[in-house]
Number of protein chains: 4
Amino acid sequence: MKESKKAQKRRKILECAEEVMRRDGLNKFSMDAIVKEADIAKGTLYLYFKSKEDLLAQVTVKAREDLLRRFKEETGNKAEHLDKVRAILWTSYHFYKEKELYNDLVAYYEVNRNLEDTDALQEVGERIQLFVLSILDNAKQAGHVKKDTNTATLSLMMWGMSNGILNLIDTKDTLLQKFTGKTKQTFYHSFIELVIDSIRS
Amino acid sequence: MKESKKAQKRRKILECAEEVMRRDGLNKFSMDAIVKEADIAKGTLYLYFKSKEDLLAQVTVKAREDLLRRFKEETGNKAEHLDKVRAILWTSYHFYKEKELYNDLVAYYEVNRNLEDTDALQEVGERIQLFVLSILDNAKQAGHVKKDTNTATLSLMMWGMSNGILNLIDTKDTLLQKFTGKTKQTFYHSFIELVIDSIRS
Amino acid sequence: MKESKKAQKRRKILECAEEVMRRDGLNKFSMDAIVKEADIAKGTLYLYFKSKEDLLAQVTVKAREDLLRRFKEETGNKAEHLDKVRAILWTSYHFYKEKELYNDLVAYYEVNRNLEDTDALQEVGERIQLFVLSILDNAKQAGHVKKDTNTATLSLMMWGMSNGILNLIDTKDTLLQKFTGKTKQTFYHSFIELVIDSIRS
Amino acid sequence: MKESKKAQKRRKILECAEEVMRRDGLNKFSMDAIVKEADIAKGTLYLYFKSKEDLLAQVTVKAREDLLRRFKEETGNKAEHLDKVRAILWTSYHFYKEKELYNDLVAYYEVNRNLEDTDALQEVGERIQLFVLSILDNAKQAGHVKKDTNTATLSLMMWGMSNGILNLIDTKDTLLQKFTGKTKQTFYHSFIELVIDSIRS
DNA sequence: TATGAATGAGCGTTCATTCAT
DNA sequence: CATGAATGAACGCTCATTCAT
């Protein structure tokens, strides 16, 4: 399986790239650092990824795929429909706590508007949306969510809002303490309940 | 009026810097580009701003001050308490549409964790929070907002959520169309009503 | 006395320049630092000194004049001819310990060959040589120095050698300790006695 | 022989660097000039030397190694012990005449106190001292040098004095002519005999 | 005479990308 | 497939000097 060997190496490089990005920051990391971390030659890196931007996009795709997998795991555990919704939001929180890189990637793409989502990037984004949408639709059908809720809109809105809250939590810790006296987790809990309140029937 | 002449030039440079940042992106813009845009010599730029980071911080301060001014103007026009809250959120929206740079700046400082907010930067951030808080407190006192609402938490949460939504609107337009069929404005309207619903008594 | 007022300011700037050169080093100091130290405007500095190089030359002239003055004081105290010669060499040592800048200046001019001695610089150099020469000639005439000593040659040689030794003392302290176990002062003493031994009759 | 090819290029760059330093001066030379002289790209220079300071240190090491090699050659030719000592001093003279850069390098590291000698730099300096010391010790053991001579002290002193004299010769030619009428070589000869006189038994 | 804002060539260094082997 | 030496444009920043006021 030559095929699998190549894929394996690709995965290894991707993991090293994640590590380097986490360590050095999305604005500072260099291709050199990745090459060193992965213990490969400069040219080899360009054999697998055609540019720095491409590598960044593929790391992002992987991160989003990981997130989707976690969504599925965590919602699978829950019986109640609204708990599944809560699980989605808490997973975003925990995912960010474990691998803050993910949220950096989101923000990075937002700041660098001219980096347009690649096809693969869009595709996994859509898969995430579709999954969240299915959770919401089921909850609605089961009557646990207001009849007049536009689930598609809500699905996207949850994504936007939770990213915004996570960024705030991540960078405005002092302000958070000073104004609310709450921990990050308590603050995020308040956010989740605000969302749930506004949709529950 | 020597004073005013220097201040005038400073303002001019700041405006050129804004333009360049908008055009080239916060991660890509160069001091050279600003120098060229402002039609001044390299050294002159460093006469007014001691480093690239300093310049960035001062542009951010200016943007936040502009935002606060707009908050005051727009809430001043409204009679109803909840309309004042709506005005805050709509102002963020319009402000971003006119000067999308502002939201990038917010996110930028969030992505670059080790760029610590300067004193001036923090101070204006707090002034914004305090202003929004006063609006919410008044609304609560007047009985238009639920008794059990934690206004300080809400104030911060509104900031986080609206930034997240604005980023999403800005970068995921295709997704927005595909999933909801809504315009940016309609989508943002839904967001505002979700917030209002969850706080009104 | 407008004249004296100008001369006074010139002297003040010169002293500030010395201070800055001592503090920041001959290779690192900037005209800005001098302007700040002397509390004058940039343009004013250039009113008194036509360039950085000119300023450096004039500081050097002043340093050499100070050295010559000290030579005269210290040799004046001594009765014995050979003690006067010793006094010359010890004065170089103490002068360097108090104002190491002097030796830096010497070295600086040596490293920067294309900085040619200005007329004023040469002139004070010659005055120093003539003074040392007169000390040596008197000692020779008094029979305390070998008859066949070429005093002019010796005078220059003493200058060269003591500068070399002072530089070595200044920068190779570790080597000095490791190889000889001597203090700077003891080492310099050995040097002086080597010189005296080789000329005394 | 990949190894040798890299070493060869390193040597070539080192030689070009020497040439540029000689031409432009140790305080003025730029990395750009070296790149141009060696006809390589800017980045290539940094592939071989990690900074300007590193390059300077390595050029100095090379110069000192060359000097030591010459010391060994020239002393090897001589039968008499004192002629070996003379050979050391004459070698310094000739070495400086051929590659005046060497003495500048010595002085440069002395002027720039905070450029600490790297390990390699110190090590070759010590090797030189040890070699000279061995010459002096042999001469002493053979009874050609005074019994009470401290050879370690003398070894260092010879280094210091000859550097001082060479600098003087190099930069005070006019003074030398005017005061002594001697050529550089004759003057240096006088210096050597002064040293020899003061140590011979 | 004194000022200090303005200049701009120049610096050391980095790094994404290429290509001959 | 893999290598890693080589590239060179671009970067943020400095500073001696000038000149209009």
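Everything discussed here concerns the structure shown above.
Residues numbered from 1 in each chain as written. Chains lettered and ligands numbered in written order. Predicted model: local features only at pLDDT ≥ 70, side-chain atom pairs only at ≥ 80, totals over all residues. Heavy atoms only, no water.

**Q** Please clarify how the side chain of C:Thr153 should be interpreted in this entry.
**A** Within the secondary structure, C:Thr153 sits in helix 8 (residues 151–171). We classify C:Thr153 as buried; its relative accessible area is 3%. Ignoring any residue separated from it by four or fewer positions in sequence, one finds C:Thr153 in contact with D:Thr180, D:Lys182, D:Phe187 and D:Ser190. (Helix = DSSP H or I, 4+ residues; strand = E, 2+ residues; numbered from the N terminus. Buried < 20%, exposed > 50% of the residue type's maximum accessible area, 1.4 Å probe, protein only. Contact = heavy atoms within 4.5 Å.)

**Q** I would appreciate a short explanation of the protein's contact with DNA strand F in the present structure.
**A** With respect to spatial proximity, 31 residues lie near DNA strand F, and among them A:Thr44, B:Lys42, B:Lys52, D:Thr44 and D:Tyr48 are the closest. Taken together, the sugar and phosphate atoms account for 58% of what DNA strand F places within 4 Å of the protein. A:Lys42 places a polar main-chain atom, nitrogen or oxygen, 3.3 Å from a base nitrogen of DNA strand F. A distance of 2.7 Å separates a base oxygen of DNA strand F from a polar atom in the side chain of C:Lys42. Those elements that place two or more of their residues in the surface near DNA strand F are helix 1 (2–24) and helix 3 (42–48) of chain A, helix 3 (42–48) of chain B, helix 3 (42–48) of chain C together with helix 3 (42–48) of chain D. (Near = heavy atom within 4 Å. Polar contact = N/O pair within 3.5 Å; in protein donor to acceptor, adjacent residues only side chain to side chain.)

**Q** I would appreciate a short explanation of the interface of chain B and chain A in the present structure.
**A** Counting from both sides, the interface comprises 47 residues of chain B and, opposite them, 46 residues of chain A. Both sides of the chain B and chain A interface together cover about 4,400 Å² of buried area, and 65% of this is carbon and sulfur. Viewed at the interface, chain A and chain B are joined by two salt bridges. One can count five residue pairs in polar contact (both at pLDDT 80 or more) joining chain B with chain A. Broken down by secondary-structure element, the contributors of at least two residues to the side of chain B that touches chain A are helix 6 (101–111), helix 7 (119–141), helix 8 (151–171), helix 9 (173–180) and helix 10 (184–199) of chain B. Counting residues per element, the side of chain B that touches chain A draws most heavily on helix 8 of chain B, which supplies 14 residues. (Buried area = accessible area lost by both parts, 1.4 Å probe. Salt bridge = Lys/Arg side-chain N within 4 Å of Asp/Glu carboxyl O.)

**Q** I keep staring at the protein's contact with DNA strand E and nothing clicks. Help me out?
**A** Taken together, 33 residues lie near DNA strand E, and B:Thr44, B:Tyr48, C:Thr44, D:Lys42 and D:Lys52 sit nearest. Near-protein atoms of DNA strand E (within 4 Å) split between backbone and bases, with sugar and phosphate holding 55%. A distance of 2.6 Å is found between a phosphate oxygen of DNA strand E and a side-chain nitrogen or oxygen belonging to B:Tyr48. Note that a phosphate oxygen of DNA strand E is positioned 3.3 Å from one of the backbone N or O atoms of C:Ala41.

**Q** When you look at the relation of the copies chain B and chain A in this model, what are you seeing that I'm missing?
**A** In summary, the two copies of the chain are related to each other by a rotation about an axis coupled with a shift along it. Expressed as a screw operation, the relation of chain B to chain A combines 0.1 Å of axial shift with a rotation of 178°, fitting to an RMSD of 0.6 Å. Here the symmetry operator amounts to a two-fold rotation axis. The share of interface residues of chain B whose copies in chain A are also at the interface is 96%, consistent with both copies meeting through the same surface. (Least-squares fit on C-alpha atoms with pLDDT ≥ 70 in both.)

**Q** Sorry if this is basic, but what is going on with the interface of chain C and chain D here?
**A** Accessible area lost on assembly of the parts is the figure often given for the size of an interface. In this assembly, 45 residues from chain C lie in contact with 45 residues from chain D. For the pairing of chain C and chain D, the buried interface totals around 4,400 Å² over both sides, and the portion due to carbon and sulfur atoms is 65%. Here chain C and chain D share two salt bridges between them. On inspection of chain C and its partner chain D, the count reaches five residue pairs in polar contact (both at pLDDT 80 or more).

**Q** Can you walk me through the pattern of salt bridges in this structure?
**A** It is possible for side chains bearing opposite charge to pair when their charged atoms get close. Under the counting rule described, the total for this entry stands at 59 salt bridges over all chains. B:Asp83 serves as the salt-bridge partner of B:Arg86, at 3.1 Å between the closest nitrogen and oxygen. With B:Arg86 and B:Asp83 both in helix 5 (residues 81–98) and three residues apart, this pair spans about one turn of that helix. Looking at B:Arg86, the relative accessible area reads 18%, which means it is buried. Its relative accessible area of 30% is what places B:Asp83 among the partly exposed residues. C:Asp66 serves as the salt-bridge partner of C:Lys62, at 3.5 Å between the closest nitrogen and oxygen. Here the residue C:Lys62 and the residue C:Asp66 both occupy positions in helix 4 (residues 52–76), the gap between them amounting to four residues, near one helical turn. For the pair C:Lys62 and C:Asp66, one class covers both residues: buried.

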